[in-house]
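Letter by letter, the chains look like this.
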Amino acid sequence: MKFFLDTANIKDIKSWVDTGLIDGVTTNPTLISKEKGDPKKTIKEICKLVKNGDVSVEVTEKDPKKVYAQAKKITKIAKNVVVKIPCHPDYFSVIKKLVKEGVRLNITLVFSLAQGLAMCKLGVEYISPFIGRLDDIGSDGMQLVADLRQMIDEYGFVKTEIIAASIRGVQHLQESILLGADIATVPAAILHKAMLHPLTDNGMKKFLDDWKKVGRKTFP
Ligand code: E4P
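Quick caveat, the model's predicted, so the values are computed rather than measured.

## Examining the pattern of salt bridges
- Per the stated rule, a full pass over the model turns up 12 salt bridges.
- Its salt-bridge partner being Lys2, residue Glu161 comes within 3.8 Å of it at the nearest N-O pair. On the criterion of sequence distance, the pair formed by Glu161 in strand S7 (residues 161-164) and Lys2 in strand S1 (residues 2-6) is long-range, its members being 159 residues apart.
- The class of Glu161 is partly exposed, set by a relative accessible area of 23%.
- Under the relative-accessibility criterion, Lys2 is labelled partly exposed at 33%.
- For Lys213, the salt bridge goes to Asp210, with nearest N and O atoms at 2.8 Å. Remark: Asp210 and Lys213 occur in helix H11 (residues 198-214); sequence separation between them is 3 residues, near one turn of the helix.

This is the structure:
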């Protein structure tokens, strides 16, 4: 299973890339709006930092023709860019065309099994079900991930990977792992929290305290 970082923050990306655990990055207009500077430069820098991973960059146009043109422009930013397009019928023919032209797409704002199936039929690279936003409206985000997994496996849509998105806590990440999401895209703070455990901290403290009792200044 891959971990993507769900952020456009260079500092967070740098520190996680150093760990070797990050397989890609997802951005969106909201995340980019939180960062200072020229968005194109920011994206370029992110693409350099995660050179062996995919970086999702979302279209910001509304009109389908403009979305198509913008998607083509976005692909030119870097080789590892994946274009993010919302899962809306207005864009289905654009998505079909881009897939035929070999543009790698991450279809975002997926909220139903039918939407996911439609995107698999079009042969997109990634679909992003938004867990947290479904939970927000009293629906079950994790169930959608489970349903998409079952659908992809049953119908053999081998080309499309599930990115568990809109992850709001450690529990969402744990369940995404268990349900077989191909990727979880996680905010840096949640990923950090998921890697901590009080028993690890306690255990480290006890080992260090006991080591002091040995009374050796150098070892080995
Ligand atoms: C994923 O690609 C999105 O950028 C992100 O997960 C959205 O999360 P949110 O619902 O917390 O904004």
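## Here's the deal with the site of the ligand
- The environment of the ligand is made up of Asp6, Thr26, Asn28, Leu31, Lys84, Phe130, Arg133, Ala165, Ser166 and Arg168.
- At a separation of 2.6 Å, an oxygen atom of the ligand approaches a polar side-chain atom of Asp6.
- One of the side-chain nitrogen or oxygen atoms of Arg133 is found 2.6 Å away from an oxygen atom of the ligand.
- Against a free-state accessible area of 350 Å², the protein chains account for coverage of 85% of the ligand.
- Split into classes, the residues belonging to the shell around the ligand amount to 3 nonpolar, 3 polar and 4 charged.

## Examining the sheet that holds strand S4 (residues 81-86)
- Here 8 strands make up a closed barrel; going around it, the order is S1-S2-S3-S4-S5-S6-S7-S8 and the pairing parallel. Geometrically, the sheet is characterised by an average inter-axis angle of 30 degrees between neighbouring strands, direction not taken into account.
- Pairing of S4 with strand S5 (residues 105-110), which is carried by 4 bridges, proceeds in the parallel orientation. Residue pairing across strands places Lys84 opposite Asn106, the latter belonging to S5.

## Brief notes about helix H4 (residues 64-75)
- Between the first and last C-alpha of H4 there are 17 Å, a value that for 12 residues agrees with the 16 Å anticipated at 1.5 Å per step.
- Restricting attention to buried positions, one finds in H4 the residues Val67, Tyr68, Gln70, Ala71 and Ile74.
- Looking at the buried positions of H4, the neighbouring elements they touch are strand S3 (54-58), S4 and helix H5 (92-100).

## A closer look at the nonpolar core
- In this structure, Ile85, Ile95, Leu105, Ile107 and Ile127 are the most contacted members of the largest nonpolar core, which totals 59 residues.
- The leading source of residues in this core is helix H8 (residues 141-155), at 6 residues.
- With residues up to four places along the chain from it excluded, the contact list for Ile95 reads Ile85, Pro86, Leu105, Ile107, Met119, Leu122 and Val124.

## Topic: the state of the cysteines
- Per the stated rule, a full pass over the model turns up 0 disulfides.
- Lacking any disulfide linkage, Cys87 is separated from the closest cysteine sulfur, that of Cys120, by 10 Å.

## Looking at the packing of aromatic side chains
- Within this structure, the stated rule accounts for 4 aromatic pairs.
- Centre to centre, the rings of Phe4 and Tyr126 are 6.1 Å apart; their planes meet at 80 degrees, and the pair counts as edge-to-face. Of the two residues, Phe4 sits in strand S1 while Tyr126 sits in strand S6 (residues 126-129), which places them 122 residues apart along the sequence.
- We classify Phe4 as buried; its relative accessible area is 1%.
- Classification of Tyr126 by relative accessible area gives buried; the value is 2%.
- Directly above the ring of Tyr68 sits Lys97, whose terminal nitrogen or CZ lies 4.2 Å from the centroid.

## A word on helix H3 (residues 39-49)
- Of the positions making up H3, those classed as buried are Thr42, Ile43, Ile46 and Cys47. Viewed end-on, H3 has its buried residues packed into an arc of 135 degrees, placing them on one side of the element. Within H3, the exposed residues directed more than 90 degrees away from the buried face are Lys41 and Lys48.
- Where the residues of H3 are buried, they touch helix H1 (10-17), strand S2 (24-26), helix H2 (29-33), S3 and S4.
- Two or three places before Lys40, at the start of H3, stands the capping residue Asp38, its side-chain oxygen 3.1 Å from that residue's backbone nitrogen.

The rules behind these values
- Residues numbered from 1 in each chain as written.
- Predicted model: local features only at pLDDT ≥ 70, side-chain atom pairs only at ≥ 80, totals over all residues.
- Heavy atoms only, no water.
- Salt bridge = Lys/Arg side-chain N within 4 Å of Asp/Glu carboxyl O.
- Helix = DSSP H or I, 4+ residues; strand = E, 2+ residues; numbered from the N terminus.
- Buried < 20%, exposed > 50% of the residue type's maximum accessible area, 1.4 Å probe, protein only.
- Near = heavy atom within 4 Å.
- Polar contact = N/O pair within 3.5 Å; in protein donor to acceptor, adjacent residues only side chain to side chain.
- Areas by Shrake-Rupley, 256 points an atom, 1.4 Å probe, with all protein chains shown as cover.
- Nonpolar A, V, L, I, M, F, W, Y, C, P; charged D, E, K, R; others polar.
- Pairing = 2+ DSSP bridges.
- Axes fitted to C-alpha atoms, helices over the stretch in contact; angles between N-to-C directions.
- Expected span 1.5 Å × (residues − 1).
- Contact = heavy atoms within 4.5 Å.
- Core = buried A, V, L, I, M, F, W, Y, C linked by side-chain atoms within 4.5 Å.
- Disulfide = S-S within 2.5 Å.
- Phe/Tyr/Trp six-rings, centres within 6.5 Å; stacked < 30°, edge-to-face > 60°.
- Lys NZ or Arg CZ within 6 Å of the ring centre and 35° of its normal.
- Arc of directions from axis to C-beta.

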